[in-house]
Amino acid sequence: MKRLGTPVLTCIVMVIIVMVLASIQPLDWSSYLLHQAGTVVFMAMVIVCYRYLPVRVSSFIMATVFIIVHIIGARYLYSYVPYSDWSQAVFGWSIDEQFGWQRNMYDRLVHFCYGLLLFGLMYDVFKAWFKAASYSQLIFLVLLFNMATSALYELFEWSLAMTMSPADAEAYNGQQGDMWDAHKDMALALLGGIISAFLKIFKRKN
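Below, the structure is looked at part by part.

Rules used throughout
- Starting from 1, residues in each chain are numbered consecutively following that chain's sequence as written.
- Local features in this predicted model are restricted to residues of pLDDT 70 or higher, and side-chain atom pairs are both shown and tallied only at a pLDDT of 80 or more, whereas totals for entire chains, interfaces and linings draw on every residue.
- Each side-chain value is derived from all of the structure's non-hydrogen atoms; neither hydrogens nor water enter the calculation.
- A run of H or I in DSSP becomes a helix once it reaches four residues, and a run of E becomes a strand once it reaches two; helices and strands are each numbered from the N terminus.
- Our radius of gyration looks at C-alpha atoms and nothing else; its globule reference is 2.2 Å times the residue count to the power 0.38.
- In this analysis, two residues are considered to be in contact whenever any of their non-hydrogen atoms come within 4.5 Å of each other.
- A 1.4 Å probe and the Shrake-Rupley method give the accessible areas. Residues count as covered only by the protein chains that appear here.
- Asp and Glu are treated as the negative residues and Lys and Arg as the positive ones, with His and the ends of the chain left uncounted.
- To locate a charge, take NZ of a lysine, CZ of an arginine, CG of an aspartate or CD of a glutamate.
- All axes here are fitted lines through C-alpha atoms, helices being fitted over the stretch that makes contact, and every angle between N-to-C directions spans 0 to 180 degrees.
- By definition in this entry, angles of less than 35 degrees are roughly parallel, angles greater than 145 are roughly antiparallel, angles of 65 to 115 are roughly perpendicular, and the rest are oblique.
- In this scheme the crossing of two helices becomes right-handed for a clockwise turn of the near helix relative to the far one and left-handed for an anticlockwise turn of less than a right angle.

Broken down by element type, the protein carries nine helices and zero strands. When the helices and strands of the protein are listed from N to C terminus, the series reads α-α-α-α-α-α-α-α-α. Here the C-alpha radius of gyration of the protein, 18 Å, is about what a compact globule of 206 residues would show, namely 17 Å. Over its C-alpha atoms, taken along the principal directions, the protein stretches across nearly 50 × 40 × 35 Å. Once local pairs closer than 6 in sequence are excluded, the contacts in the protein between residues at least 24 apart make up 70%. Within the structure as shown, the protein displays about 11,800 Å² of accessible surface, and the carbon and sulfur contribution to it stands at 72%. Averaging the locations of the 14 positively and 13 negatively charged side chains of the protein gives two centres separated by 23 Å.

Structure below.
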């Protein structure tokens, strides 16, 4: 069992600080708490994986970045993250106007980051579990896990939405009227994972 070193403890403190700040007057308390309950469970799982499995510090840091991105999204119910207002204030131009987006794209970013930022953690865990697997087999297993968990999450969202009022379901899911929302989210998660896989392969060869 590994001790939690300074980089890991710093990441945990950062997550706590961001969560406290995000909890100041969120747009909708019920949806926010539902999202953040998952945050707490996931952060606990990441810490357990780090302590009991040969998970690298870099993988833990990347997972922390993903969690922070998620917390910010939960603060604004994903559909109302004012990233265009932020870009307008900092750079003098609107991201939505620049790309012609008609919907809030922050939820797409989170799903993309799921594949991009959690690839390392998934790889380290699978490497510990499947010691006989080759390098290429591990990468393939991680991408399969990426797709499977993305699909399971979309099914979970759907089953949860079935128990809510239409307004609450829309607020939680952030579908924003897109009937292909779940498919696009899963595709972006896979794309993020594939990019990380290529980066890992490139780094290994060089």
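Here we come to the packing of helix H3 (residues 57-75) against helix H6 (residues 106-129). How two helices sit against one another is set out by the angle between their axes and by the gap between those axes. One can describe the packing of H3 onto H6 by two numbers: an axis separation of 8 Å at closest approach and a directional angle of 160°. The orientation of H3 with respect to H6, classified from their angle, is roughly antiparallel. Relative to H6, H3 is oriented so that their crossing is left-handed. Contact residues: H3 offers Ser59, Met62, Ala63, Val65, Phe66, Val69, Ile72 and Gly73, while H6 offers Tyr106, Leu109, Val110, Cys113, Tyr114, Leu117, Leu118, Gly120, Leu121 and Asp124.

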